Protein chains: 2
Amino acid sequence: MSVSVFAAATVANVACGFDALGFAIHEPGDEVIVRKSAQSGLRIVAITGDEGRLPLSVTKNTAGVSAQALLDETGYTGGIEMEIHKKMPLGSGLGSSSASSVAAVVAVNELIGSPFTRAELLRFATEGERAACGVPHADNVGPSLLGGFVLIRSYNPLEVVQLPVPDELWCSVIHPHVEILTEDARNVLRRRIRLEDAVVQWSNLGGLIAGLYQGDYQLIGRSLSDIIFEPTRSLLIPGFDMMKQAAMQAGALGCSISGSGPSVFALCRGEEIARAAADAMQHALTKAGLGSETYVSAINRQGPVIRNL
Amino acid sequence: MSVSVFAAATVANVACGFDALGFAIHEPGDEVIVRKSAQSGLRIVAITGDEGRLPLSVTKNTAGVSAQALLDETGYTGGIEMEIHKKMPLGSGLGSSSASSVAAVVAVNELIGSPFTRAELLRFATEGERAACGVPHADNVGPSLLGGFVLIRSYNPLEVVQLPVPDELWCSVIHPHVEILTEDARNVLRRRIRLEDAVVQWSNLGGLIAGLYQGDYQLIGRSLSDIIFEPTRSLLIPGFDMMKQAAMQAGALGCSISGSGPSVFALCRGEEIARAAADAMQHALTKAGLGSETYVSAINRQGPVIRNL
């Protein structure tokens, strides 16, 4: 018996919710396949789609770390083989490592008889983020695991809040073909911020959350503003201003950097505008001579997809 | 014909929502009475309950400034006499000047035939705050005018979002008999804050707003945390730690400083716990030899009360 799990990409920060908010989209994402094996312990036997960049060592691979954290808590000692099929770009700002970690813990949990609920898996997947970034971020892992919009209310102890998703909310994502290391993107951040900027930022986060509960698309749009991080982080993304302008002209509610970039997301009301915004962003980037791919999807409310093979 | 309006006290900041969030309680508050007079222009003819501290000059009194801003926009030039009856302590951190401004604009609007909606009155009442503090704060004026919990999503342009109020949410307020000038309370604030603290603060604000929408009292309680301002501002409030501990032991969901203090509020589930929390806070302060008064009320959803006399 083997289990395949597909876990989706996620957009973290969402303009005004730095380190606090994220949502899941339907594609791209990663697939993890696990099966029981005669050889004891967890082993990663194959990784595809990573151009050889990810380690097979369980203790060095984020998906491996997450799955092992789960197994350690159960005391399960049987053999498990894991394949990781990356179906999304690394270092894209779309929660690539999180998607693998989430797929891994959901798959292993299913394989060994589901000792944990979906919500309980969060802390194991977060361990993978700690391995990847040194910090147990949950704003990609949370939405990839639970679907929809997820607020990380607290890191210590870890507590997430699932927020409602208005029916017509769609997302356009563009991944420009440049790579930004999360570490570099964090290095351009200031360690202290102006109080008045913080007030603007948290007022917008409050407005965004209220907009999600009320299904008020215009309020969502007005709240999608990041005056603290976007001004500096966007300097690392060639063509950012052009892409944003193009998305807004196409009718997007708002547009900002996905995670630490270089991907850029736009939230839109309805599929038609979302497709137009994606096309407009890509057109703007092409004119500047840069390659990219785009993804258009409704907000992903279902979370990981499990198939028993 | 004369019109009397009672506008209620408010709790601003609400722990994690500095300059962004406030809610109204039922008492205390201020009453403003207006009537038409033969002498043209707006005149403040009487102020009671202020121990002679507030100016009769329309251009120097926050209620006068607010009402005059309204009249200027209508072009109304008839005579209006205004009485201001302060029924709450000045400098208490309960939005005293806001209550007067709100009562004044609602009363004058009613007197001259209601040219403006309740929501449209917000910017006139905010002008009074600009006169009082130099900054057009709206986190007291907003909830006093509109009732309930109000988020100031944006100051420029001014935009407020009314948030839902769970049915059993009650508030205990204690006003210790010490005075803190808003200016002093702002002077202890740092102009820059740590990014990691800001993330904690805005995650809590997000949690509080989600808790209000979901009617999740425990989430509201966990989110009522202020790690940025309370640690320094509470130093100006004798007995703060004892009061907070007493309120929490009495079962309050959370407890923090009201506005810039010295009043302290606790949010509670139900009247019984709210009364117990108020008693416990007062008892703690009495033991420390300090006088105080307490107010216990459900969250005030109705806003100002108009009586045509």
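Only a predicted model underlies this, so the values are computations on that prediction, with no experimental measurement involved. (Residues numbered from 1 in each chain as written. Chains lettered and ligands numbered in written order. Predicted model: local features only at pLDDT ≥ 70, side-chain atom pairs only at ≥ 80, totals over all residues. Heavy atoms only, no water.)

Attention now moves to the side chain of Ser292 of chain B. All names here are of chain B. When you line up the elements, Ser292 lands in strand β11 (residues 292–298). With a relative accessible area of 13%, Ser292 lands in the buried category. Setting aside residues no more than four positions away along its own chain, Ser292 makes contact with Ile174, His175, Pro176, His177, Gln282 and Leu285. (Helix = DSSP H or I, 4+ residues; strand = E, 2+ residues; numbered from the N terminus. Buried < 20%, exposed > 50% of the residue type's maximum accessible area, 1.4 Å probe, protein only. Contact = heavy atoms within 4.5 Å.)

Time to look at the packing of aromatic side chains. All names here are of chain A. What the rule picks out here adds up to 11 aromatic pairs over all chains. Consider the rings of Phe18 and Phe229, whose centres lie 4.0 Å apart with planes at 20°: the pair is stacked. On the criterion of sequence distance, the pair formed by Phe18 in the loop between β1 (2–12) and β2 (21–37) and Phe229 in the loop between α7 (217–223) and α8 (230–233) is long-range, its members being 211 residues apart. By relative accessible area, which is 1% here, Phe18 ends up buried. (Phe/Tyr/Trp six-rings, centres within 6.5 Å; stacked < 30°, edge-to-face > 60°.)

The next thing to look at is unusual backbone geometry. Here the amide bond leading from Glu27 of chain B into Pro28 of chain B is cis, since omega sits at 5°, within 30 degrees of zero. In this structure, Pro28 of chain B sits in strand β2 (residues 21–37). Cis geometry marks the peptide bond from Asn156 of chain B to Pro157 of chain B, where omega comes out at 5°. Tracing the chain through its elements places Pro157 of chain B in the loop between β5 (149–155) and β6 (158–163). Of note in this structure, Ala15 of chain A is not a glycine but carries a positive phi near 70°. Take Ala15 of chain A: it is sitting in the loop between β1 and β2. A positive phi angle is found at Glu51 of chain B, which is not glycine, with a value near 55°.

So, on to the UniProt feature "binding site: ATP" (unreviewed entry) in chain A. Residue and element names in this part refer to chain A. Sequence positions flagged by UniProt for "binding site: ATP" (unreviewed entry) are, in local numbering, Pro89, Leu90, Gly91, Ser92, Gly93, Leu94, Gly95, Ser96, Ser97, Ser98 and Ala99. Accessibility expressed as a relative area gives 15% for Gly93, which makes it buried. Discounting chain neighbours no more than four positions away, the residues touching Gly93 are Thr10, Ser258, Gly259, Gly261 and Pro262. (UniProt positions renumbered as here; feature names shortened; annotations may be inferred.)

A few words now on the packing of helix α1 (residues 62–74) of chain B against helix α2 (residues 96–111) of chain B. All names here are of chain B. The geometry of α1 relative to α2 is characterised by a closest axis approach of 8 Å and an angle of 35° between their N-to-C directions. Crossing geometry of α1 relative to α2 is assigned as right-handed. Packed against α1, whose contacting residues are Thr62, Ala63, Ser66, Ala67, Leu70 and Leu71, the element α2 presents Ser97, Ser100, Ser101, Ala104, Val105, Val108 and Asn109 at the interface. A per-class count over the contact of α1 with α2 returns seven nonpolar, six polar and no charged. (Axes fitted to C-alpha atoms, helices over the stretch in contact; angles between N-to-C directions. Left-handed = near helix turned anticlockwise from the far one by under 90°. Nonpolar A, V, L, I, M, F, W, Y, C, P; charged D, E, K, R; others polar.)

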